[in-house]
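# A look at the structure
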Amino acid sequence: MNQPPPPPLNTHATVGVRAPWWKRWWRRLPPSRQDRFATLAPLLSVLLFLSAIVVAFTYLRYEELEREQEAVTRDVEYAQQRLRLRLLERQEQLMRLAREVDNKEIGTEEFSFQAESLISQFPELLAISWVDAHRKVLASYASPSAPAPLVRITGSVLTLVESDGSYDLARDLRQPIYSRPQGDDPRYAKLMLQVPLSEQGRFAGTIMGEYSIDGLMRFGIPPEVIARYAVALMDESGHVLAGSLQAPASVFKLLPWATQPLQHEVPVSPVGNGLLLKAQGYRTSQDVVGSGFFWVVGALSALTVWMLLGTWRHTRRRVQAQQALVSETNFRRAMENSMLTGMRALDLQGRITYVNPAFCSMTGWTESELVGRTAPFPYWPDQDHELLAARLEDELRGRSTPGGFEVRVQRRDGSIFDARMYVSPLIDPNGIQSGWMTSMTDITEPKRIREELTASYERFTTVLESLDSAVSVAPLGSDEMLFANKMYRLWFGTRGRGHRHLVDLAGNQPSPNSDDGDAVDSFAGMPTSSLTDASTENAEVFVEELDRWLEVRTRYLTWVDGRLAQMVIASDITTRRLAELQASLQAERAQTASRLITMGEMASSVAHELNQPLTAINNYCTGMISRVQDQRITNDELLAALHKTARQAQRAGQIIQRIRAFVKRSEPNPSLSDVALMVSNAIELADIELRRHQVRLSSYVAARLPKLMVDPILIEQVLINLIKNAGEAIAQAGRPPGERYVELRVGPKRVEQLDVIEFEVRDSGNGVPDDMLEQIYEAFYSTKSEGMGIGLKLCRSIVESHQGRMQVQNIYNGELVTGCCFSFWIPVVSRLRIDDGTPSIGNAAPTGTEGAR
């Protein structure tokens, strides 16, 4: 169809009167749009006509279906109400019967009589039974027409399958409960009602009524509903229990929108969703007249569409061709305009024939100012004219390099930037070269970044080369070196064996299964994020080749090529290790010196302690000599005197042996040590000094304490020092004899989630001034005039070397200081390390003894 002519111009129109809006809109449309609208106008009219016919038919049809559906819904709801009232009447009668049973107004015979009366009056009832709290049937009556399984014998037990859980639910809820429909055969389908019985508030059983679902259908549904619809009672899964429904194949579809017969379903109350009432409407007419009218109108409309199809198809193809051409042109233009790369076309004489917006944006010159220009171009820097002219000559002769070349370009404002140009021949549609196409990219920023990266790499390399630690990076499982600094090359050379040797010594080298014949990374494909995210691992190793101690730190990282690598940093710690060894020797000498000082301070007490057995030995020997010379001693008396002399000599030897073992210098020797034995040895030496000061020592050691992994001599040294300090503090305080005592308590404790043994020494001295509590552990600090100030410092060092802690606090009686308490604890050895049958600390039962020393 031809385009409609434009409306004629009104030469007599009054000036200032505007044309209608649709005319103005039509005039503003481009010709292609006008052609498209002119072509589609007839088709749109036919489509609107067809749409109106279809909408009218559809609306009338669905109006009719909605009215019919409302009638079906109303009738089904009415039938459901009738059925509900009938069930509620039967339920009320059974509840009344249950109340009579609860009140003991009737017995089993009267119950059977009333059940027979109800069943004979209401045919839907098949059986009524009286069941006690133990599911035992006390009385039952079944309809003569009831199936054999419903005839229940008095004394029989109701099974769980027969009650379908309704019996238990009625017992729990204490209210009438309907069961789900039972029975696969529709002829014997039944419904069960459980009415609970109670006796003095306790569950006493149920009155169980059993309905025939077919009887409910025949006697509960109004006849007029059954005559008008196909009615059925179904279970929750859609299985028909009574009645019948139309088969889907019996519905004849004449119209495209023909639907299934009108239907509605609703759950039967009070049974619930287990029993559904469904009705389907009978179709009495096929609506042939309406269908014929519809097909006539549809055929005429289809014929009209077919007549317009040829014209519309031709017009559409023409419009599609125009649209494709415009789209292609717009696409190429948009692609050129969106590119960040500048494009420039030259003809064979070197004249600019085309530039894109990106090229203009880079140089600052407009397209009209560049097109048609010849060399020298305005974006050439003045100092580069000769070089760029030579480049242009090579470009026109086809001698440009495929990788492009770098040039300097001057913007219109005089600024200069670096660019890279790529040249390719420009071929016309006939296959003949018509010029050259040049692309230009601004590389100022990438060039700056590359120069900064190079400088940064040089700085980083300089720093690594100047480190006094060896730094190396190598792939896992390979001797290839990815990086090695100057110190590494000085120690191990340029090979990767030194790196592998350090890793092996540190014990941080994973060993995956790898194929020796495969050249790829053996860790490829493995999840390495947990390795690269892990913290640095440290180890101190001795390298025999270098005769040095090195601290080796390893860390996993992902190399620049994606391989999993391991970085090793080895620092020379030989000087530090020697200093630590020297400090350890000095600490050992200080401990030995402290023990000697302690014995020196206790020399007078030890001498007095030894003088007693030696004096006794001398007296025994003098007496025996005198009596032997006078022959006034028998063998038995001589033997008794010799035994006493031997005991005194043994006592003196034990004192000397204990002192010798205490002051003997030896290497630290941690071993499983008995707590009670260490305490006993310490008390034996410290008690000598306490007796000189007239101080009583009371000890309490919990029973069945576990052994400790400690050096017993060092722990005894700590105890002796603390006990001796306590005695000296009491003597310095000048306490009366009744208040001069020291308490030693040893027992289990739980500290910082650890099982520990706590040692506590309490005295009755003047305590430690509050301003000195923080300084008491400092070296060469002492509160005694003759003290050297190293005792408590060594004690604390010994305790902390055994992973323990030491603390001090004053003992108060109100605001008065009545003494001081020094305590320390040592952790118990874990059973995972030592399994010697020693009871754990949790089983300790502290039943100690106390005694004056």
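The structure contained in this document is the topic of the report that follows. Along each chain, the written sequence defines residue order, and numbers are assigned to residues from 1. Predicted model: local features are reported for residues with pLDDT of at least 70 only, side-chain atom pairs are reported and counted for 80 or more only, and whole-chain, interface and lining totals are derived from all residues. Hydrogens and waters are ignored; side-chain quantities use all the structure's heavy atoms.

Further remarks concern the sheet that holds strand β16 (residues 483–484). With antiparallel pairing, the five strands of this open sheet are ordered in space as β16-β15-β19-β18-β17. Two strands lie at the open edges of the sheet, namely β16 and β17 (537–543), each paired on one side alone. Note that strand β15 (residues 470–475) and strand β19 (residues 564–572) share six bridges and pair antiparallel. If you follow Val-473 over to β19, its bridge partner there is Met-567. In this description, contact between two residues means that some pair of their heavy atoms is separated by no more than 4.5 Å. For helices, the fitted axis covers only the stretch in contact; all axes are lines through C-alpha atoms, and the angles between them, taken along N-to-C directions, range from 0 to 180 degrees. A helix here means a DSSP run of H or I that spans at least four residues, while a strand means a run of E at least two residues long, and both kinds are numbered starting from the N terminus. Lying on the sheet, helix α14 (residues 497–506) is in contact with β15, β17, β18 (548–558) and β19; it crosses β17 at an angle near 110°. At least two bridges found by DSSP between two strands are what make those strands a pair.

Attention now moves to the nonpolar core. By size, the foremost hydrophobic cluster in this structure holds 45 residues, and its most contacted members are Phe-111, Ile-128, Ile-207, Tyr-211, Leu-233 and Leu-277. Counting residues per element, this core draws most heavily on helix α2 (residues 31–102), which supplies 10 residues. If near-sequence neighbours (up to four positions away) are discounted, Ile-207 is found in contact with Leu-94, Leu-97, Ala-98, Val-101, Phe-111, Ile-128, Ser-129, Trp-130, Leu-193, Gln-194, Val-195 and Leu-197. One finds Val-679, Val-710, Val-808 and Ile-826 within the second-largest nonpolar core, a separate group that totals 43 residues. For this analysis, a nonpolar core means a set of buried residues of the types Ala, Val, Leu, Ile, Met, Phe, Trp, Tyr and Cys, connected via side-chain atoms within 4.5 Å. Exposure is judged per residue with a 1.4 Å probe applied to protein chains only, and the accessible area is read against the type maximum: over 50% gives exposed, under 20% gives buried, and values in between give partly exposed.

Below, the discussion takes up the pattern of salt bridges. Salt bridges are counted wherever a side-chain nitrogen of Lys or Arg sits within 4 Å of a carboxyl oxygen of Asp or Glu. This model, assessed by the stated rule, comprises 39 salt bridges. Salt-bridge contacts for Asp-384 lead to Arg-408; the nearest nitrogen and oxygen are separated by 2.7 Å. Of this pair, Asp-384 sits in the loop between α10 (367–370) and α11 (385–396) while Arg-408 sits in strand β12 (residues 405–410), placing them 24 residues apart in sequence. Owing to a relative accessible area of 32%, Arg-408 belongs among the partly exposed residues under this scheme. Put simply, Glu-728 and Lys-724 hold a salt bridge, and the shortest N to O gap is 3.2 Å. Of this pair, Glu-728 and Lys-724 both sit in helix α20 (residues 712–733), four residues apart, which is roughly one turn of the helix. Across the pair, exposure class does not vary: Glu-728 and Lys-724 are buried alike. Among the charged side chains, a salt-bridge network with shared partners connects Arg-86, Glu-89, Arg-90 and Glu-124.

Viewed as axis vectors pointing N to C, helix α19 (residues 675–692) and α20 meet at an angle of 30°, and their least axial separation amounts to 9 Å. The handedness of the crossing between α19 and α20 is right-handed. Residues Met-678, Val-679, Asn-681, Ala-682, Leu-685, Ala-686, Glu-689 and Leu-690 of α19 touch α20, and the partners they reach there are Pro-712, Ile-715, Glu-716, Leu-719, Ile-720, Ile-723, Lys-724 and Gly-727. Tallied by class, residues from the contact of α19 with α20 come to 11 nonpolar, two polar and three charged. Rotating anticlockwise by less than a right angle from the far helix to the near helix defines a left-handed crossing, while the corresponding clockwise rotation defines a right-handed one. Polar here means any residue other than Ala, Val, Leu, Ile, Met, Phe, Trp, Tyr, Cys and Pro, which are nonpolar, and Asp, Glu, Lys and Arg, which are charged; Gly is therefore polar.

With that settled, consider the packing of aromatic side chains. Each Phe, Tyr or Trp ring, with Trp reduced to its six-membered ring, pairs with another whose centre is within 6.5 Å; inter-plane angles below 30 degrees give stacked pairs, above 60 give edge-to-face pairs, and intermediate values give tilted ones. Evaluation of the coordinates by the stated rule reveals nine aromatic pairs. On the numbers, 5.4 Å between centres and 80° between planes, the contact of Phe-359 with Tyr-379 is edge-to-face. Of this pair, Phe-359 sits in helix α9 (residues 357–363) while Tyr-379 sits in the loop between α10 and α11; the two residues are 20 residues apart in sequence, bridging distant segments of the chain. With centroids separated by 4.8 Å and ring planes inclined at 10°, the aromatic side chains of Phe-759 and Phe-824 adopt a geometry described as stacked. Separated by 65 residues along the polypeptide, Phe-759 in strand β24 (residues 754–763) and Phe-824 in strand β26 (residues 816–827) bring together distant segments of the chain. Its relative accessible area of 0% is what places Phe-759 among the buried residues. Put simply, the rings of Phe-359, Phe-377, Tyr-379 and Trp-380 pair up and form one aromatic cluster.

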